[in-house]
Structure formats: C-alpha cells, structure tokens
Amino acid sequence: MVLAQLGGSISRALQQMSNATIIDEKVLNECLNEISRALLQSDVQFKLVKDMQMNIKKIVNLDDLAAGHNKRRIIQQAVFNELCKILDPGKPSFTPKKGKTSVVMFVGLQGSGKTTTCTKYAYYHQKKGWKPALVCADTFRAGAFDQLKQNATKAKIPFYGSYMESDPVKIAVEGVERFKKENCDLIIVDTSGRHKQEAALFEEMRQVSEATKPDLVIFVMDSSIGQAAFDQAQAFKQSVAVGAVIVTKMDGHAKGGGALSAVAATKSPVIFIGTGEHMDEFEVFDVKPFVSRLLG
Ligand code: GDP
C-alpha cells in the first residue's frame, strides 16, 4: 500500500467510525483493526502496530468518557499522536553547525540511494552558505568514485577519493583530514554497501567510523524495502552509532511504512526524504506535517 493509500485508508476508517450513531467498544475496535490492517499492508512492523493499537485503547477509555465528550475527536487525536510517536524517537539528532567542522558518515545498502543522497545533503547545505565536501570511501563497487565525482563536479562541491587505493579506512581518514585543513564545515563520508547484509560490511562500517569519528552517522534507506526495513536498520545500528535516517525514493510507489519501522529500530529521527533522482529533490522531514498530510 503506498503512502497516499495508507492515509486514505486510515481516514476512511476514522470516517466510518464517525458515521456510527454510537461509538462503543465494538465500533472503536473495528476502526482500530481497520487502521492496523492498513499499517501492516504498508509494511509497518507488526509489533509497532500492535503497540499502537493498545496505546490508543488505553488512551481512549470509552467508559470513562462522560457523555458530551467528543469521542470522535479524541480518537482521531489519539491516532494522530500515536503515528507521530512512532516517527518521533523523542530526541533530535545531532545537527551540524555552519562554520564549525562536522563529519557526517552515510551508511546503507547498495542501491539505497546513498551516493545520490550524500550529494543532495551536501548541495542542500551549500545553497545555505555552508562549505561541504564529499569523501568516497566506497572501494567495493567499481564506479562508485566516478559516480560521486560526477555528482560533486556538477554541484561544484570538493571531493576526495582514489581509483587505486583499496582500503576504505585509509581513504576516509585522508579525505577527512584534507577537508579539515581546508576548513570545510561539513565533511560527508560516503561508504560502501553490499547487496545484502554481510558481516564484512558491518565490520567495515565499524572501522571507518572508529577512524573518522563522525559527529553524525546517517542511515539511508530505500522506502520500498518493506518489512525488511526494521531488521536492516537495526543491523546497521548495531555496528555504528546511527543518529539519523534519510528515506529515499518517496516519489515512487513505495510503501512508506518502512520509514516508521526504521525510526523504531534505530531510535533516530528521519531528517530528510528523497523525492527524486535530481539533486534538489530532497526535503526536510517534519513529523507533524507529514502525519497531517498522511491523514489528509
Ligand atoms: P547507492 O548504491 O546506495 O549509492 O545508490 P545510488 O545513489 O547509486 O542510487 C541508486 C539509484 O536510485 C540511482 O538510480 C538513483 O538515481 C536512484 N535514487 C536515489 N535516490 C532517489 C530518490 O529519492 N528517488 C528516486 N526516484 N530515485 C532515487
């Protein structure tokens, strides 16, 4: 189920409940089951959905609601709050400051949109007057450096990488050092991915992180990966200190539920979303407007 449909299904469930003459336990349960079904079909993790359902039932205690209370509004508000809660881990991520050097490391599986997102992130800040730089520490995929170089050149962002060197840790450290000397305030380290989760990949991420000491690690996730989102995000979180999530390809036919699961798995907020292949198809992510839009 794509995001717009998810929102539509939840809104419909709430509307159906509102149409009932009396909102009793049965009507509430039907509504919550309908919402849960929609969330599951959108690849939100089963446990999250169950927890959400339970929380709403706890908040909306129909017996205690005196006559005259607007049950419909209370339930709607509870659904809204619970969806926000899933997407808001409660603490903001580290935010780099303009003019002060920060190292930001990107992690994620191959194909997630990591390299594209690194450039988008750099470009976004460059437009706001920052001095970003890109380091390609992906020595695994042939062509990774060329791709980053092309993107960086197009955006006129300094970059560092090597065709010869095979040690990603060495390149990452050299790149970070160089751009620190050049007084860049946002040093972005693009790392390698693999087609699947492999021990070697996580070990490499751990080493690059240990050597470059990033201020922030961003996990990049393709919004269409579905139920795999939770495990994938958690696996990365276990090897490096993921502090934020960027969800890509939100323009496609993605099931947006993966985003909710990734937040839950990493206990880190989504900070941006990718909405296309172009450099400027990149949006700041805000929970409340997102959920409002979702619920229409
Ligand atoms: P990496 O292997 O993780 O570095 O992934 P890439 O950055 O090479 O991206 C893989 C593919 O996804 C490329 O064709 C990108 O153009 C595409 N892509 C990345 N982000 C987005 C996005 O937000 N929307 C769309 N539609 N495509 C994207």
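Residues numbered from 1 in each chain as written. Predicted model: local features only at pLDDT ≥ 70, side-chain atom pairs only at ≥ 80, totals over all residues. Heavy atoms only, no water.

- The name given to the protein chain in an unreviewed UniProt entry is Signal recognition particle 54 kDa protein, and the organism recorded there is Senna tora.
- The protein chain has a UniProt comment under Subunit (unreviewed entry) that states "Component of a signal recognition particle (SRP) complex that consists of a 7SL RNA molecule of 300 nucleotides and six protein subunits: SRP72, SRP68, SRP54, SRP19, SRP14 and SRP9."
- Under the heading Sequence similarities (unreviewed entry), UniProt records this for the protein chain: "Belongs to the GTP-binding SRP family. SRP54 subfamily." (UniProt positions renumbered as here; feature names shortened; annotations may be inferred.)

### Quick word on helix α11 (residues 287-295)
One turn of an α-helix holds 3.6 residues; hence residues three or four places apart share an orientation.
Then step 1. Of the positions making up α11, those classed as buried are V287, F290, V291, L294 and L295. Buried residues in α11, looked at end-on, bunch into an arc of 125 degrees, giving them a common side. In α11, the exposed positions that point more than 90 degrees away from the buried face belong to K288 and R293. (Buried < 20%, exposed > 50% of the residue type's maximum accessible area, 1.4 Å probe, protein only. Helix = DSSP H or I, 4+ residues; strand = E, 2+ residues; numbered from the N terminus. Arc of directions from axis to C-beta.)

### What about the layout of surface pockets?
To find leftover empty space, one rolls a probe the size of a water molecule over the atoms.
Then step 1. Size it by volume and the largest pocket reaches roughly 350 Å³.
Then step 2. Lining the largest pocket are 22 residues, and of these S93, T95, I271, F272 and V284 lie nearest its centre.
Then step 3. Elements with a contribution of two residues or more to the lining of the largest pocket: α5 (114-127) and β7 (270-274).
Then step 4. If you add up the space inside the second largest pocket, you get close to 280 Å³.
Then step 5. Lining the second largest pocket are 15 residues, and of these L48, D51, K85, I86 and A264 sit closest to its centre.
Then step 6. Mapped by element, the contributors of at least two residues to the lining of the second largest pocket are α3 (46-59), α4 (71-87) and α10 (257-266).
Then step 7. Considering every element that reaches the lining of the second largest pocket, the biggest residue donor is α3, with five residues. (1 Å grid on protein atoms, 1.4 Å probe; cavity = no way out; pocket = protein on both sides within 12 Å on 5 of 7 lines; lining within 4 Å. Points joined across faces, edges and corners; volume = space filled by probe spheres on them.)

### Observations concerning the site of the ligand
Then step 1. Taken together, 18 residues surround the ligand, and among them G111, K114, T115, T116 and D251 come closest.
Then step 2. Here a nitrogen atom of the ligand and a side-chain polar atom of D251 are 2.7 Å apart.
Then step 3. Protein burial of the ligand: of its 590 Å² of free accessible surface, 80% is covered by the chains.
Then step 4. Grouping the amino acids of the shell around the ligand by side-chain chemistry returns one nonpolar, 11 polar and six charged. (Near = heavy atom within 4 Å. Polar contact = N/O pair within 3.5 Å; in protein donor to acceptor, adjacent residues only side chain to side chain. Areas by Shrake-Rupley, 256 points an atom, 1.4 Å probe, with all protein chains shown as cover. Nonpolar A, V, L, I, M, F, W, Y, C, P; charged D, E, K, R; others polar.)

### Looking at the environment of K91
Then step 1. Mapped onto the secondary structure, K91 falls in the loop between α4 and β1 (102-107).
Then step 2. By relative accessible area, K91 is classed as exposed at 51%.
Then step 3. On a C-alpha basis, the gap between K91 and S268 in space is 7.7 Å, while along the polypeptide they are 177 residues apart.
Then step 4. Among residues more than four places away in sequence, those in contact with K91 are K267 and P269. (Contact = heavy atoms within 4.5 Å.)

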